[in-house]
Amino acid sequence: MKRNTFLKILSVSGAVVASPVSLIAKGYATLREKTGYKTDAGTDRFQKPINLFGGDTFYTKISTKDTDGDLYIYESSRVKKGGPNLHVHPDQDEWWYILEGEFVIKVGDKMHRVKAGDSVFGPRGVPHAFSKLGEGTGRMLTTFQPAGKMEECFIAISEGRMRGKTEAEQDEFRKQHGFERVGPPIDTLKAF
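Residues numbered from 1 in each chain as written. Predicted model: local features only at pLDDT ≥ 70, side-chain atom pairs only at ≥ 80, totals over all residues. Heavy atoms only, no water.

Draft legend 1. Structural context of the environment of threonine 39. By the secondary structure assignment, threonine 39 is in the loop between α1 (3-29) and β1 (50-52). For the pair threonine 39 and isoleucine 62, spaced 23 residues apart in sequence, the C-alpha to C-alpha distance is 8.8 Å. If sequence neighbours within four positions are ignored, threonine 39 has contacts with Asp44, Arg45, Thr60 and Lys61. (Helix = DSSP H or I, 4+ residues; strand = E, 2+ residues; numbered from the N terminus. Contact = heavy atoms within 4.5 Å.)

Draft legend 2. Focus on the nonpolar core. Residues Leu52, Phe58, Tyr72, Met150, Phe154 and Ile157 are the most contacted members of the largest nonpolar core, which totals 16 residues. Counting only elements with at least two residues in this core, the list comes to β1, β3 (72-78) and α2 (150-158). At five residues, the largest contribution of residues to this core is made by α2. The residues contacting phenylalanine 58, other than those within four sequence positions of it, are Asp44, Pro49, Ile50, Leu52, Phe53, Tyr74, Glu75, Ser76, Arg78 and Phe154. Ranked by size, the runner-up nonpolar core spans nine residues in total, among them Trp96, Ile98, Val114 and Val120. (Core = buried A, V, L, I, M, F, W, Y, C linked by side-chain atoms within 4.5 Å. Buried < 20%, exposed > 50% of the residue type's maximum accessible area, 1.4 Å probe, protein only.)

Draft legend 3. Structural view of the sheet that holds strand β5 (residues 93-100). The strand order across the open sheet formed by six strands is β1-β2-β3-β10-β5-β8, and the pairing between neighbours is antiparallel. Both outer strands of the open sheet, β1 and β8 (119-122), are each paired with one neighbouring strand and no more. Averaged over all adjacent pairs, the angle separating strand axes in this sheet is 20°, with direction ignored. Two strands pair when backbone bridges link them, and β1 and strand β2 (residues 56-62) are joined in this way by three bridges, in the antiparallel orientation. Considered in β2, the bridge of leucine 52 is made with aspartate 56. Sheet strands touched by α2: β1, β2, β3 and β10 (138-145). Its angle to β1, the strand with the most contacts, is close to 60°. (Pairing = 2+ DSSP bridges. Axes fitted to C-alpha atoms, helices over the stretch in contact; angles between N-to-C directions.)

Draft legend 4. Just unusual backbone geometry, in detail. Glutamine 145 connects to proline 146 through a cis peptide bond whose omega is -10°. Take proline 146: it is sitting in the loop between β10 and α2. Non-glycine residue glutamine 47 carries a positive phi angle of around 60°. You can see glutamine 47 is positioned in the loop between α1 and β1.

So this is what it looks like as structure tokens:
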């Protein structure tokens, strides 16, 4: 076979093999939000805030659906003291930005006392927890990158799907949503 013929066959073969991948990628990209949108202060992207943990309200600002799972951002309004167990997201970074009130955020072995205007980054694979301190409302903006199943997790909890579950069942639920409990809360646990 002549070299030019071989190169043409190789070129055509590569294009044929790459075509389905290219079509899938183009189709996938069409699912992303294309026009942009505004979410007013104190409101949820879908006008359906997520209520959980006895008084906490989560307002989705950027949904997992808007970014094909690349990003999830929500603002939470927290009334009671406390927070989640020490846990780890193997595949997600998490970032907290404090809007109001005081919190303590533990990332790895470091404890950060934070107030309005402060932020803390929690890299994937590093155990972390946080707790709202003091009286009054605390508010924070939380980002997950990639989104994983956190939005789905919070919706399920708000619908009461965790009530009455054993510790083992709760741990399995966490694993199904991409994170794992690895220790106790900083102080007061906000239970399901």
